Amino acid sequence: YRENVEKSNEVSDENSQSYNSLIGQATDALFKGNYEGDFTEVNQPAISLTGYSENELLASEKKFRTLFYEAPDPIFLLDERGIIVDCNSAYCRLMEGARNELINCHVTDFLLKEERHIFYKNFPVLKKEGKFEAEIALVTKKNRKIAVRRNISALYDDIGNFVGAISHSHDI
């Protein structure tokens, strides 16, 4: 499984476009939400890209990246398969690992084995309903067990296809 995941995550133009699309969807969700995790109607584009200059789009992306990377709460982005494609420094601190150790891992890699069923049961629900919340137990990179409350919002493309998710975690 790990070999297939690594192979499918090799850098390519297709993956780069997919990642950029996911960042765009997360940006839309962030600017449509209230910055406290309430991402209502995420499946509808929050902004139209037509009519915006390249400089305006770059400024918007820079704003998103600043909010994402400097947020005090642990945040990560998942692709449509549950692979972590990006995370902020708060998530790195929570998981006691470097960003490059967390990216390209499946989200279940950090769940206690007895709790992995939660992902497999609820990921299809997330894709369909757009939201999922749960209290779960994780194992950090240093093998320490922690409990978190996780709020996950689905991200959709312009035609409603599930493209990934943005997750906020709160250490409990």
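Residues numbered from 1 in each chain as written. Predicted model: local features only at pLDDT ≥ 70, side-chain atom pairs only at ≥ 80, totals over all residues. Heavy atoms only, no water.

Considerations on the nonpolar core
With 29 residues, the main nonpolar core has Tyr91, Met95 and Leu126 as its most contacted residues. Elements with a contribution of two residues or more to this core: β1 (75-79), β2 (84-87), α4 (89-95), α6 (116-129), β3 (131-139), β4 (145-156) and β5 (162-171). Among the elements that line this core, the one with the most residues is β4, at five residues. Residues contacting Tyr91, with those up to four places away along its chain left out, are Pro74, Ile75, Phe76, Ile84, Leu102, Phe110 and Arg150. Phe68, Leu155, Val163 and Ile166 belong to the second largest nonpolar core, which has nine residues in total. (Core = buried A, V, L, I, M, F, W, Y, C linked by side-chain atoms within 4.5 Å. Buried < 20%, exposed > 50% of the residue type's maximum accessible area, 1.4 Å probe, protein only. Helix = DSSP H or I, 4+ residues; strand = E, 2+ residues; numbered from the N terminus. Contact = heavy atoms within 4.5 Å.)

Side note on unusual backbone geometry
For Glu96, which is not a glycine, the phi torsion comes out positive at approximately 55°. Of note, Glu96 is situated in the loop between α4 and α5 (99-102).

A look at α6
Compared with an ideal rise of 1.5 Å per residue, which puts 14 residues at 20 Å, α6 spans 20 Å between its outermost C-alpha atoms and is within 8% of the ideal. At Asn122, α6 shows its largest bend, some 35°, and a proline, Pro124, comes one to four positions later. Three or more residues of α6 are buried, namely Ile118, Phe119, Asn122, Phe123 and Leu126. Packing partners of the buried residues in α6 comprise β1, β3, β4 and β5. One or two steps after α6, the chain reaches Gly130, where phi turns positive at roughly 90°. (Expected span 1.5 Å × (residues − 1). Bend = angle between axes of the 7 residues up to and from the residue.)

Some thoughts on the confidence of the model for the chain
With 70% of its residues at a pLDDT of 70 or more, the chain shows a mean pLDDT of 78. Taken together, the stretch residues 1-13 has pLDDT below 50 and engages in 16 contacts with residues farther than four places along the chain or on a different chain. Note that residues 30-47 has pLDDT below 50 and, in this model, 32 contacts with residues that lie over four places away or in other chains. (pLDDT = per-residue confidence, 0-100.)

Comments concerning the pattern of salt bridges
Evaluation of the coordinates by the stated rule reveals five salt bridges. Across the pair Arg81 and Asp79 runs a salt bridge whose closest N-O atoms are separated by 2.5 Å. Among the residues examined, Arg81 registers a relative accessible area of 34% and is labelled partly exposed. Taking relative accessible area as the criterion, Asp79 reaches 5% and is therefore assigned buried. (Salt bridge = Lys/Arg side-chain N within 4 Å of Asp/Glu carboxyl O.)

Quick look at the sheet that holds β1
Read from one edge of the open sheet, five strands run β2-β1-β5-β4-β3, paired in antiparallel fashion. Of all strands in the sheet, those bounded by a partner on one side alone are β2 and β3. Within the sheet, the average angular offset between the axes of one strand and its neighbour, ignoring direction, is 30°. The pairing of β1 with β5 spans five bridges and is antiparallel. Paired with Phe76 across the strands is Ser167, a residue of β5. Here helix α3 (residues 54-70) sits on the sheet in contact with β1 and β2, set at roughly 85° to β2. (Pairing = 2+ DSSP bridges. Axes fitted to C-alpha atoms, helices over the stretch in contact; angles between N-to-C directions.)

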